[in-house]
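Analysis of the macromolecular model
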Amino acid sequence: SSSSSRSRPHSTCVALCVWICTQFLEAENIPVLAWPASSPDMSPIEHVWDALDRRIRQRVPVPANIQQLPTAIEEEWSNIPQATIDNLINSMRRRCVALHEANGGHTRY
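Structure report, in brief. Please read all numbers here as calculations on a predicted model, not as lab measurements.

Another aspect to go through is the overall build of the protein chain. A count of helices and strands for the protein chain gives five helices and zero strands. Counting only residues that meet the buried cut, the protein chain has 27% of its 109 residues in that class. Restricting the contact set of the protein chain to residue pairs at least 6 apart, pairs at least 24 apart contribute 63%. For the protein chain, the exposed surface amounts to about 7,800 Å²; the carbon and sulfur share of it is 57%.

Within soluble globular proteins, side chains that are nonpolar tend to cluster in buried spots. Within the largest apolar cluster, 13 residues are counted, with the highest numbers of intra-cluster contacts made by C17, L52, I56, L69 and I73. When residues of this core are traced back to their parent elements, those giving at least two are α1 (2-27), α2 (44-57) and α3 (69-79). Looking at this core element by element, the count peaks at five residues for α1.

Looking now at the packing of α2 against α3. If you want to describe how two helices pack, look at the angle between their axes and the distance between the axes. Interhelical geometry of α2 versus α3 gives an angle of 115 degrees and a closest axis separation of 9 Å. Judged by the sense of rotation from one axis to the other, the crossing of α2 with α3 is right-handed. Each of I45, V48, W49, L52, R55 and I56 in α2 lies in contact with α3, whose residues at this interface are L69, A72, I73, E76, W77 and N79. For the contact of α2 with α3, the class distribution of residues is nine nonpolar, one polar and two charged.

Direction vectors running N to C along helix α4 (residues 82-90) and helix α5 (residues 92-101) enclose 35 degrees, while the axes themselves pass 5 Å from each other. Contacts from N87, L88, I89 and N90 of α4 reach α5 at M92, R93, R94 and R95. Looking at the contact of α4 with α5, its residues break down into three nonpolar, two polar and three charged.

All right, on to the packing of aromatic side chains then. Under the counting rule described, the total for this entry stands at one aromatic pair. Ring centres of W49 and W77 lie 5.9 Å apart, and the angle between their planes is 40 degrees; this geometry places the pair in the tilted category. Within this pair, whereas W49 is found in helix α2, its partner W77 is found in helix α3, the two being separated by 28 residues in sequence. The exposure class assigned to W49 is buried, which follows from its relative accessible area of 9%.

The subject of this paragraph is the layout of surface pockets. A water-sized probe, rolled over the atoms, reveals where empty space remains. Of the pockets and cavities examined, the largest pocket occupies roughly 870 Å³. As for the largest pocket, its lining consists of 25 residues, and the residues nearest its centre are L25, V32, I45, W49 and W77. Those elements giving two or more residues to the lining of the largest pocket turn out to be α1, α2, α3 and α4. In terms of residue count, α1 provides more of the lining of the largest pocket than any other element does, seven residues in total. Of the residues assigned to the lining of the largest pocket, the class counts are 20 nonpolar, three polar and two charged.

Rules used throughout
- Residues numbered from 1 in each chain as written.
- Predicted model: local features only at pLDDT ≥ 70, side-chain atom pairs only at ≥ 80, totals over all residues.
- Heavy atoms only, no water.
- Helix = DSSP H or I, 4+ residues; strand = E, 2+ residues; numbered from the N terminus.
- Buried < 20%, exposed > 50% of the residue type's maximum accessible area, 1.4 Å probe, protein only.
- Contact = heavy atoms within 4.5 Å.
- Areas by Shrake-Rupley, 256 points an atom, 1.4 Å probe, with all protein chains shown as cover.
- Core = buried A, V, L, I, M, F, W, Y, C linked by side-chain atoms within 4.5 Å.
- Axes fitted to C-alpha atoms, helices over the stretch in contact; angles between N-to-C directions.
- Left-handed = near helix turned anticlockwise from the far one by under 90°.
- Nonpolar A, V, L, I, M, F, W, Y, C, P; charged D, E, K, R; others polar.
- Phe/Tyr/Trp six-rings, centres within 6.5 Å; stacked < 30°, edge-to-face > 60°.
- 1 Å grid on protein atoms, 1.4 Å probe; cavity = no way out; pocket = protein on both sides within 12 Å on 5 of 7 lines; lining within 4 Å.
- Points joined across faces, edges and corners; volume = space filled by probe spheres on them.

So, in structure tokens, the structure goes:
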């Protein structure tokens, strides 16, 4: 189906992004919090992955194959504005309050 063909490149990109970032964090001895898989909307990194995916898809030219993807990911990761990251970090209190008020249910985040 067309939706599954669209999601496969996205999931490949996200998986590769996660792998590259995980390798970097481990190499730099940066601790990472465990995050429940059932709460992706509460994880700021999910919004970063989304921004990174959009940036890669808007590249001219778009990476043509899996070999070009790591370079594109590294370049676009570096180009995400620090203000975007800061806004996500600063939103955590609001996210937690919203999750608490929703009794653990869906939030706007």
